[in-house]
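# Fold and contact review
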Amino acid sequence: MRSARRDRPWVFRTYSGHTSARASNELYRKNLARGQTGLSVAFDLPTQTGYDADHVLARGEVGKVGVPIGHLEDMQTLFAEIPLDRMNTSMTINATAAWLLSLYIAAAERQGVDPRQLSGTTQNDIIKEYLSRGTYAFPPEPSMRLISDMIAYTVDAIPKWNPINICSYHLQEAGATPEQEIAFAMANAIAVLDAVRARPDLPAGSLPRVVGRISFFLNAGIRFLEEACKCRAMAELWDEITRERYGVEDASLRRFRYGVQVNSLGLTEAQPENNVIRIVLEALGVTLSRNARCRALQLPAWNEALGLPRPWDQQWSLRIQQILAYETDLLEYEDIFDGSPVIARKVRAMKAAAREELDHVLAMGGAVAAVENAYMKRRLVESHTARLRAIEKRELSVVGVNCYEEHEPSPLVGGAQAILTVDESAEREQIERLAAFRRQRNAADVDAALTALRDAVRNGQNVMPPSIRAAHAGVTTGEWADVFRTLYGDYRAPTGVSVSTVADSDEQLEAVRSQVHALGERLGRPPKLLVGKPGLDGHSNGAEQIAVRARDVGMEVVYDGIRLTPEEIVQSARDEGVHVIGLSILSGSHGVLVLDVLEGLRRAGLSLPVVVGGIIPDEDAETLRKAGVQRVYTPKDWDLNRILGEITQLIAEAAAPA
Amino acid sequence: MNRIDDGRPGRREAALVLLDALESGTRARAAAGTPTPTCVGITGAPGSGKSTLLDALVRALRRSGETVGIVAVDPSSRRSGGALLGDRARVRSGAHDPGVFLRSMAARDHLGGLADATWASVAVLAAVFDRVFVETVGVGQSETEIADLADTLLFVAQPGAGDVLQFMKAGVLEHPDVFAVNKADLGPAAERTASELATGLALSSRGRSTWTPPVLLVSAQDGRGIDALLDVLSAHREHLHVSGEATERRARGREALVSNALERRYGSYGVERLGGRPAVCARVREAPEVSGFALVLALGREIEAALGRAASAADDAARP
């Protein structure tokens, strides 16, 4: 056997962006200077869901989990002094992907770059937004149409662009087993390709090239050998599906191309320094197999469960990649798993299980149908519940969390500068820039561009050309999205919790259940809990798990899903007659939103105990408690029974004596 | 609303007195010729789009200035007694609008039926709002009970939900007064389901009513058929009054309210003390001027007295 040529390293990225286009641009240039080889843009939630910074739902969210991009000027600032013809840019953008790509193309044109030279990826996977991540904006059908428009447009206009990154990443974060991850990702890819294939305007013979531009975005958990097998199984399945279903003859167009962000679900708040080891092992899972090696890798920061990572934390993650690729001998060999009967057997078993689940989803009408009837969501909530139960029962070991909990104090955590905080003035300044931008643009051009876009949507023409014109004309993110919202309405995905099965009992759960029943006797009806997710943050897994367990211990739970305003939460608390409110926020906007809810309750004359869960740094937790929040829960509080026991106790204390 | 949803001794009686007063007020309004709100029940399988359809109806009603009260019932878990309620948020039109009120409720420990508090809530909402809707999942016993509670029962079907035989087997053709096939935007599949429902209805026997339940195609998404559905609901209300079925229905509803409430509270053993369900229904019919809630209170006291006598007799027998 000839000795292998050294493999080319994958693209090194760090998911980043915050505060403003200017601040993010500085960060990007610094990261590139340190050896990062591609960019991964994190947008803030208003940008992801199509609202301008001055919209009521954007309050508290501007610049928090990513960079706010409201118009062409922001996009130009974001990439100032970064030549776009030589950059590989990945954008985590979905519902509004067509718009952000239009802004990117317009920004490139203003740099004098021919769009044909652009390379990069728009995430653009709406299915997983309904299932897990929550930053959808429109109903499934028009959303699928936007995706298919982008694919049909880019295949010739920007041939090096990956118009969609089918994400199984978020499915694992939502609790998916590896087999579910494979099956749902494949079902999703099939839904997209079927939609594109059915387009009358698709140039004849271009389907194989379209297939060749489909890429995937995977997760990698701590069971890193299983993860290596998962990647191999997906590569084989994709090869089979693209050949059988879409008749792609050219093997290079059937290649399974994927990027990875390794697991955040398994990162712990307890003894967070251990996360570095987890991240290294997870990175191995997706790089060990040469035949199924990732094309791009993003590693989270070790302290992600504590708050927004600082530049130093992100640099540490980049160094992991550089050591793996440049110091070790990883890239020198051919595929080291080829010929291993153990690996082959595992891959076969995973493929078979995934095929079975895939066939089941296809039989019910495919991925879109399985979103609308909540099948996939229900399966994910079930798997996630099972995982948390296993941790609680110590069947699944998490070092530092449910075993080896005793530890030396970490010198790395604590102190005022331990995490990055976004300056509260970011929102005000972004709104000021937006207002200034609106003043200087040509109103007639904007109106004409919006009318042209609306006509294209109505007449079933590709929305990309009019969107690019709108970008040049000075249309804002909110205005672009409003065109679709007006035509298709707001959409709310099924929460999936109401059909989930009741957890197996154990002593702890029984103890809380009898506590709840006794309280119900005292109150005259079962205790009623409102689980609220204020703001634009769509990460609903935590809220869903609390809602399901509260039901299982005997509470009546009102859970209305994501994206509620503080006013709506207060109104719901009043009309529903709840005894306690639990708020869940992971975007870092807890400061503003929780205080707004407390203020609303006061104005409505309601004195109800309020608890908050989320990624909340210690100092913020203290501020919230001072403002009247009774309990603050963070990722280190993994024992759901204990949380619900405490909530029951709070209701008992708040209730007037019988 | 919290006050009528309280099962503690003493509080429950207080709630019944309050409800009796409310219902007397509603009756007085009716007697004075003021139109009283009809209660529309909405059932259908999960996923048929009941909430989104309700949202569309509410929006249309609000445009014409009518106020709306909604009770949304979800099943309780048999094992834990808990319940997951929602999705309120799908009825978005209520946000920031004092003319819309929604309360979600659990069915509690009652075999798939409605909680006492559901009947009570409808009485409260009927005293305040122009229209009252009760939304249930419509499985098991709630199907029958919602038919007793509501003046008009609307069944929401989704395209491809099944063939005639399945509809008949599921018993969904017996009670509803109006059928709406949702998601008409899906085209032929919706039309097929509508025609299957119509065929099934023609084959099934539906009691003595002269009302033929219409089958409508609607779409909560694009608004198709919503006005027609509201017209049909009004037509059914008109029919109830003209045909005299309204009186008959309300009487049947009262019987169900009283006997169900007594059975939930005292069990069938307790109801036997009054001679069983038929005897209770007869007592309700004999007192048309008394509200159901007052009857629950009065008959409940009779049962308690009888049970007390039985208990002391048993004590006597046990004494040496």
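Given the structure is predicted, the values throughout are model-derived calculations rather than measurements. (Residues numbered from 1 in each chain as written. Chains lettered and ligands numbered in written order. Predicted model: local features only at pLDDT ≥ 70, side-chain atom pairs only at ≥ 80, totals over all residues. Heavy atoms only, no water.)

### Quick look at the overall build of chain A
Counting its regular elements, chain A contains 25 helices and 15 strands. For 658 residues, the compact-globule formula gives about 26 Å, and the C-alpha radius of gyration of chain A, at 24 Å, lands near that figure. Overall, chain A is about 75 × 70 × 50 Å in size when its C-alpha atoms are taken along their principal axes. Residue burial in chain A is summarised as follows: out of 658 residues, 64% are buried. Within chain A, contacts between residues separated by at least 24 positions form 80% of all contacts whose residues are at least 6 apart in sequence. Accessible surface, chain A as shown: approximately 24,500 Å² in total, 52% of it carbon and sulfur. Side-chain charges of chain A comprise 74 positive and 86 negative groups, with the mean position of each set lying 4 Å from the other. (Helix = DSSP H or I, 4+ residues; strand = E, 2+ residues; numbered from the N terminus. Rg over C-alpha atoms; globule rule 2.2 N^0.38 Å. Buried < 20%, exposed > 50% of the residue type's maximum accessible area, 1.4 Å probe, protein only. Contact = heavy atoms within 4.5 Å. Areas by Shrake-Rupley, 256 points an atom, 1.4 Å probe, with all protein chains shown as cover. Lys, Arg positive; Asp, Glu negative; His and termini not counted. Charge placed at Lys NZ, Arg CZ, Asp CG, Glu CD.)

### Structural notes on the pattern of salt bridges
Where charged atoms from two side chains of opposite charge come close, those side chains can pair. Following the criterion strictly, the structure yields 66 salt bridges over all chains and no others. Across the pair Glu-236 of chain A and Lys-351 of chain A runs a salt bridge whose closest N-O atoms are separated by 3.0 Å. With Glu-236 of chain A in helix α10 (residues 224-244) and Lys-351 of chain A in helix α13 (residues 341-363), this residue pair connects regions lying 115 residues apart in the sequence. Since its relative accessible area comes to 37%, Glu-236 of chain A is described here as partly exposed. Across the pair Arg-252 of chain B and Asp-148 of chain B runs a salt bridge whose closest N-O atoms are separated by 3.6 Å. Placement of the pair is Arg-252 of chain B in helix α8 (residues 245-272) and Asp-148 of chain B in helix α4 (residues 142-149), with a sequence separation of 104 residues. Ionic contacts of the salt-bridge type, sharing partners, join the residues Glu-236, Glu-240, Glu-244, Lys-351 and Arg-355 of chain A into one network. (Salt bridge = Lys/Arg side-chain N within 4 Å of Asp/Glu carboxyl O.)

### Describing the sheet that holds strand β4 (residues 88-92) of chain A
Residue and element names in this part refer to chain A. The 5 strands lie next to each other as β2-β3-β4-β5-β6, forming an open sheet whose pairing is parallel. This sheet does not close on itself; its edge strands, each paired only once, are β2 (15-16) and β6 (161-162). Each of β2 and β3 (39-42) is contacted by helix α1 (residues 21-33), which is oriented at about 155° to β3, the strand it contacts most. Sheet strands touched by helix α4 (residues 97-110): β4, β5 (119-122) and β6. Its angle to β4, the strand with the most contacts, is close to 150°. (Pairing = 2+ DSSP bridges. Axes fitted to C-alpha atoms, helices over the stretch in contact; angles between N-to-C directions.)

### Comments concerning the environment of Arg-116 of chain A
Structurally, Arg-116 of chain A is set in the loop between α4 and β5. Within the structure, the side chain of Arg-116 of chain A is placed 2.8 Å from the backbone oxygen of Asp-156 of chain A, a separation counted as a polar contact. (Polar contact = N/O pair within 3.5 Å; in protein donor to acceptor, adjacent residues only side chain to side chain.)

### Thoughts on the packing of aromatic side chains
Residues and elements named next belong to chain A. All told, the structure shown has 16 aromatic pairs over all chains when counted by the stated rule. Among the aromatic residues, those joined into a ring-pair cluster are Trp-99, Phe-138, Trp-480 and Phe-484. A cation over an aromatic ring shows up here: Arg-485 above the ring of Tyr-51, its NZ or CZ 4.0 Å from the ring centre. The ring centre of Tyr-136 lies 5.0 Å from the NZ or CZ of Arg-563, which sits over that ring. (Phe/Tyr/Trp six-rings, centres within 6.5 Å; stacked < 30°, edge-to-face > 60°. Lys NZ or Arg CZ within 6 Å of the ring centre and 35° of its normal.)

### Remarks on the domain arrangement of chain B
Residue and element names in this part refer to chain B. If you check the domain split of chain B, you get domain 1 (1-34 + 244-320) and domain 2 (37-243). With 22 residues of domain 1 in contact, the opposing surface of domain 2 contributes 34 residues. Of the roughly 2,300 Å² buried between domain 1 and domain 2 on both sides combined, carbon and sulfur atoms contribute 50%. When the buried surface of domain 1 facing domain 2 is broken down by residue, Met-1, Arg-249 and Arg-264 rank first, second and third, together holding 29% of it. (Domains from an automatic or database assignment. Buried area = accessible area lost by both parts, 1.4 Å probe.)

### Regarding the nonpolar core
Judged by nonpolar contacts, the single largest core of 171 residues is most densely connected at Met-75, Met-186, Phe-216 and Trp-480 of chain A. Per element, the largest residue contribution to this core is 12 residues, and it comes from helix α8 (residues 178-197) of chain A. Judged by nonpolar contacts, the second largest core, of 44 residues, contains Phe-101, Trp-119, Ala-123 and Leu-295 of chain B. (Core = buried A, V, L, I, M, F, W, Y, C linked by side-chain atoms within 4.5 Å.)

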